[in-house]
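Letter by letter, the chains look like this.
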Amino acid sequence: MSYFFDYERIVQEIRKRNVKRVLLQFPEGLKPFSTEVVDSLNRRLPEVEFVISGEPSWGACDIAEDEAKIVGVDLIVHFGHTPYTWYYPKFPTLFVEAESNLDVNEEAVKQLKNKLREYGAKKVSLTSTVQHYKLLDKIRHKLDGFEVVIGNPSSPFMHPGQILGCDYKAANVEADVYVNVSGGVFHALGLGLSTLKPTLKLDPYTNKVEDLTQEVNRILRVRYSKIMKAMDARTWVIIQGVKVGQNRPLMVKYLEKRLREMGNTVYVVTNKVLNVDVLRNIDRSNIDAYVVTSCPRLPIDDLYNYEKPVLTPGEAKMIILNKLEPYIFPW
């Protein structure tokens with residue numbers, strides 16, 4: 001396997017807790033390994049029953065607490081994330097980071113250096129997802145000629161330089177170019193929207209460097225068009241997430257209060273899994289705009305093509321404050 005599932009730690013914790021039935025929860029990218037993980041654990045703990053959660057899991061804000069109670073397990077083993085910034089599950093949960101075993105080769109580092117020189121960069125911010133955080137120091141030492149900063153995360157559970165799709169505190173440093181070590185573009189695009197600076201992705205799966213700066217600028221233009229349209233809105237719907245780690249009642253109350261003070265009509269709608277079909281079922285001709293408080297990536301990644309403006313909390317705050325600069329992402 002290309003990931004470290006830390007079986008010895010899992011076995012030790014299960015024995016220490018005297019657990020008999022366990023729910024294994026995987027994010028989408030790790031689900032293909034789920035049956036292999038069960039086979040490995042069964043060999044070590046034949047007396048323990050393992051159940052695989054097939055429900056989507058989008059982060060440490062999305063722990064299967066309700067599911068665990070329904071199927072009657074004693075412990076959740078949640079793979080692929082560190083505990084969330086502000087929320088820790090009430091149900092017994094073991095977090096297993098599932099670090100990647102991949103490395104970056106010299107050619108990839110050379111590509112990165114060349115790209116940084118194209119930008120005339122002197123100071124570089126280096127971040128990663130949890131799977132690749134161990135590569136950051138290695139890459140830093142290879143970026144001779146550049147001042148490399150690995151920022152501190154927002155949570156003591158996270159690693160230096162680690163970011164989430166909704167948390168870029170580790171990139172809250174002064175730099176000329178921001179580099180993210182990850183697969184795909186999800187985290188790197190969020191990094192670009194958060195920093196509004198040149199953004200590069202170093203991919204350990206392909207050993208390629210991708211410049212996402214222009215794509216971030218394109219997304220930013222789309223987001224501003226949504227904001228400008230929503231400035232004329234008079235009827236708003238606030239989506240309140242009811243997954244335990246996505247429920248932000250204080251944020252909902254703030255947005256509801258401020259939007260009403262501006263003379264708007266406001267409705268609050270609860271939701272667990274938000275998509276275009278859900279919005280279309282809610283929608284009426286008098287509804288002008290939506291703001292999603294469960295996850296700030298939903299408006300940008302999943303609901304960007306909805307017929308009416310669907311905003312992040314940060315974008316709604318820009319309208320409330322009547323201040324269009326700087327762009328606020330994520331919160």
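Every value quoted in this text rests on a predicted model; they were computed, and no experiment measured them.

**Points about the domain arrangement of the protein**
Then, in step 1: Structurally, the protein comprises domain 1 (7-96), domain 2 (106-216) and domain 3 (232-321).
Then, in step 2: A separation of 32 Å is found between the C-alpha centroids of domain 1 and domain 3.
Then, in step 3: Across the contact, 9 residues belong to domain 1 and 7 residues belong to domain 3.
Then, in step 4: Linking domain 1 with domain 3 are 2 salt bridges.
Then, in step 5: Across the pair Asp66 and Lys272 runs a salt bridge whose closest N-O atoms are separated by 3.5 Å.
Then, in step 6: There are 4 residue pairs in polar contact (both at pLDDT 80 or more) connecting domain 1 and domain 3.

**Brief notes about the sheet that holds strand β9 (residues 177-181)**
Then, in step 1: Spatially, the 5 strands line up as an open sheet ordered β8-β7-β9-β10-β11, and their pairing is mixed. Strand pairing shows two members of the sheet lacking a second neighbour, β8 (147-149) and β11 (208-211), which therefore form its edges. Averaged over all pairs of adjacent strands, the angle between their axes in this sheet comes to 25 degrees, without regard to strand direction.
Then, in step 2: Of the strand pairs in this sheet, strand β7 (residues 123-128) and β8 are connected by 3 bridges, and their pairing is parallel. Bridging from a neighbouring strand, Lys123 pairs with Glu147 of β8.
Then, in step 3: Sheet contacts for helix α5 (residues 135-142): β7, β8, β9 and β10 (199-203); angle to β7, the most-contacted strand, approximately 160 degrees.

**What about the sheet that holds strand β3 (residues 49-52)?**
Then, in step 1: Strand order in the open sheet formed by 4 strands is β3-β2-β4-β5, and the pairing between neighbours is parallel. Each edge of the open sheet carries a strand with a single partner, namely β3 and β5 (93-96). Taken pair by pair, the neighbouring strands of this sheet meet at an average axis angle of 25 degrees, ignoring direction.
Then, in step 2: The sheet contact formed by strand β2 (residues 21-25) and strand β4 (residues 75-79) spans 4 bridges and is parallel. Bridge pairing links Gln25 to His78 in β4.

**With respect to the UniProt feature "coiled-coil region" (unreviewed entry) in the protein**
Then, in step 1: Mapped onto this numbering, the UniProt entry gives "coiled-coil region" (unreviewed entry) at residues 95-129.
Then, in step 2: As a span, residues 95-129 carries 37% helix and 29% strand, and end to end its C-alpha atoms are 15 Å apart.

**Things to note about the environment of Trp331**
Then, in step 1: By secondary structure assignment, the location of Trp331 is in the segment after α11 (313-321).
Then, in step 2: Taking relative accessible area as the criterion, Trp331 reaches 29% and is therefore assigned partly exposed.
Then, in step 3: With 116 residues separating them along the chain, Trp331 and Glu215 place their C-alpha atoms 21 Å apart.
Then, in step 4: Looking at Trp331, its side chain comes within polar contact range of the main-chain oxygen of Cys166, at 3.1 Å.

**Brief notes about the packing of helix α1 (residues 7-17) against helix α2 (residues 34-44)**
Then, in step 1: For the pair α1 and α2, the least separation of the axes is 11 Å and the interaxial angle reads 55 degrees. The pairing of α1 with α2 is recorded here as oblique in orientation. As for the relative orientation of α1 and α2, their crossing is right-handed in sense. Only Glu36, Val37, Ser40, Leu41 and Arg44 of α2 make contact with α1, whose side of the interface consists of Tyr7, Glu8, Ile10, Val11 and Arg15.
Then, in step 2: Taken together, the residues of the contact of α1 with α2 sort by class into 5 nonpolar, 1 polar and 4 charged.

Reading the values: rules and limits
Residues numbered from 1 in each chain as written. Predicted model: local features only at pLDDT ≥ 70, side-chain atom pairs only at ≥ 80, totals over all residues. Heavy atoms only, no water. Domains from an automatic or database assignment. Contact = heavy atoms within 4.5 Å. Salt bridge = Lys/Arg side-chain N within 4 Å of Asp/Glu carboxyl O. Polar contact = N/O pair within 3.5 Å; in protein donor to acceptor, adjacent residues only side chain to side chain. Pairing = 2+ DSSP bridges. Helix = DSSP H or I, 4+ residues; strand = E, 2+ residues; numbered from the N terminus. Axes fitted to C-alpha atoms, helices over the stretch in contact; angles between N-to-C directions. UniProt positions renumbered as here; feature names shortened; annotations may be inferred. Buried < 20%, exposed > 50% of the residue type's maximum accessible area, 1.4 Å probe, protein only. Parallel < 35°, antiparallel > 145°, perpendicular 65-115°, else oblique. Left-handed = near helix turned anticlockwise from the far one by under 90°. Nonpolar A, V, L, I, M, F, W, Y, C, P; charged D, E, K, R; others polar.

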